[in-house]
Amino acid sequence: MENKWLRAALPALLIHGSIGTVYAWSVFKQAIADDIGASVANVEWAFSIAILFLGLSAAALGHFVEQDIKKSAILATIFFVAGMIGTGISIQQKSLLGIYLFYGVVMGIGLGIGYLTPVKNLMLWFKENKGLGTGLAVAGFGLAKMIFSPVMIELQLRIGLWQMFVILGGVFAVMMLTGAWLIRKPADWQEKPLKQRFNPMVLLKNHNFMGIWLMFYLNITAGLAIISQEKDILAGLRTPSGTAAFSLAAIAVVVSVEAFFNAAGRIGFASFSDRLQDRNTIYQVIFILSLVMALLAFFLPDQSVVMPVVIVATFFAINAGYGGGFSALPPLLADRFGMHAISKIHGLALTAWAAAGLSGNQLASLIVHGLGMPYQNVFIAIAILYAVALGIATFVVKPTQTIIE
């Protein structure tokens, strides 16, 4: 049976639903630090390295993904699963270097290849609704955290930390290989060699591409700055009487619902962009919404009775915009540069994710831990980032095309 749901949507959900568990990092980072006797700050670099290599591998292997998505899906499986199992063994051996290597480098490469693999295929099958197609793919990336976080917690309690990585490596191998078996491009689409060799410098000199890169980078940096501090911010909130505003159980519920908003934003914003004359408008909507909520969270008095509600609403809005920024990117790039080299172009754009993976977490850590400032200062810092991104989306990224064939 040849249809877009079987050959594009389901494989994308299986692949992205596996690799998206990288965002469940906060579920076990403290446990890793305690188990191997390292500081959380040192262990945290494993996540940053993983996002760095995600972007680098996506940029380097866009051509390979474009030519054969089945082989790229299998290669993504090999790297991602090897990274998971290797991380488990490294924890068992108390090796921080091994965690950097397997969780950061090896798994990061699997992330980059796996993230790219389903995206062009979805836009080919959903050619009339590219935003919906890419939204479905990266929604799986967002939902993975919500689905697998409780599974990871339960496995840690029942069988142990390093064993959890090995078992989940096997589960993800089955999921991703099933996706690789199912995935297929439409029969009426034939990959043709480009008329001229793909030259990244053409894009790096293009104001549209660089504007898109910068606003994408700023959205991820701001999102990660908040996402990395969510639990600490909620735990530190107090009612006017001085009691904790959120119990540990309530915090767990909020974090799970945030993952839903992340996934919903990936489908909702990208799908809505299908109805707009210029898809770039959706980024302006995301930045205005996130900017307003960040400013509200910063300026509202600490002792306000509505502060907990505002903080949670801000988290939801930023998570939705963070996810929507990912899903709206491939269709926007396709509108500006065409479909024939879209995996290469998308891969190059994902280097913004690699850079943001290093700067987002570290920005929040610098403000809260390095400078010893209250967490509210993270909100004003990201508000500035959103304001700059809005300016770029409005004045730099224009509805002009540079078709690469």
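Note: the structure precedes this text.
What you are looking at is a predicted structure, and each value in this text was computed from that prediction instead of being measured.

A. Molecular detail of the overall build of the chain. A tally of helices and strands in the chain yields 19 helices and zero strands. By the burial criterion, 58% of the 405 residues in the chain qualify as buried. Long-range contacts, defined here as pairs at least 24 residues apart, represent 84% of the contacts in the chain between residues at least 6 apart. Each charge class in the chain can be summarised by its mean position, and for the 25 positive and 18 negative side chains these summaries are 7 Å apart.

B. Main features of the side chain of S72. In this structure, S72 sits in helix α6 (residues 69-92). A relative accessible area of 0% means that S72 is categorised as buried. Engagement of the side chain of S72 in a polar contact is seen with the side chain of T117, the distance being 3.0 Å. Beyond its immediate sequence surroundings of up to four residues, S72 is in contact with F64, V65, I113 and T117.

C. Region of interest: helix α18 (residues 351-370). With 20 residues, α18 extends 26 Å between its outermost C-alpha atoms, agreeing within 8% with the 28 Å of an ideal straight helix rising 1.5 Å per residue. Its maximal kink placed at G357, α18 deviates by approximately 30°. One or two steps after α18, the chain reaches G372, where phi turns positive at roughly 65°.

Definitions and limits used
- Along every chain, residues carry numbers that run from 1 in the direction the sequence is written.
- The predicted nature of this model means local features are confined to residues of pLDDT at least 70 and side-chain atom pairs, given and counted, to a pLDDT of 80 or more, with totals for whole chains, interfaces and linings taken over all residues.
- Side-chain metrics in this entry use all non-hydrogen atoms of the structure; hydrogen atoms and water are not considered.
- Numbered from the N terminus, helices here are DSSP runs of H or I no shorter than four residues, and strands are runs of E no shorter than two.
- For each residue, the accessible area found with a 1.4 Å probe, counting protein chains only, is set against the maximum for its type, and the residue is called buried under 20%, exposed over 50%, and partly exposed in between.
- Any pair of residues with heavy atoms lying within 4.5 Å of one another is described as a contacting pair.
- For the purpose of counting charges, residues Lys and Arg are taken to be positive, whereas Asp and Glu are taken to be negative. His and the chain ends are not included.
- Where a charge sits is defined by one atom per residue type, namely NZ (Lys), CZ (Arg), CG (Asp) or CD (Glu).
- Whenever two N or O atoms come within 3.5 Å, that pair is a polar contact, provided that in protein one can donate a hydrogen and the other can accept it, and provided that, for residues adjacent in sequence, both atoms are side-chain atoms.
- By this rule, a helix spans an expected 1.5 Å times one less than how many residues it contains.
- In this scheme, the bend at a residue equals the angle between the axes fitted to the seven residues that finish there and the seven that begin there.

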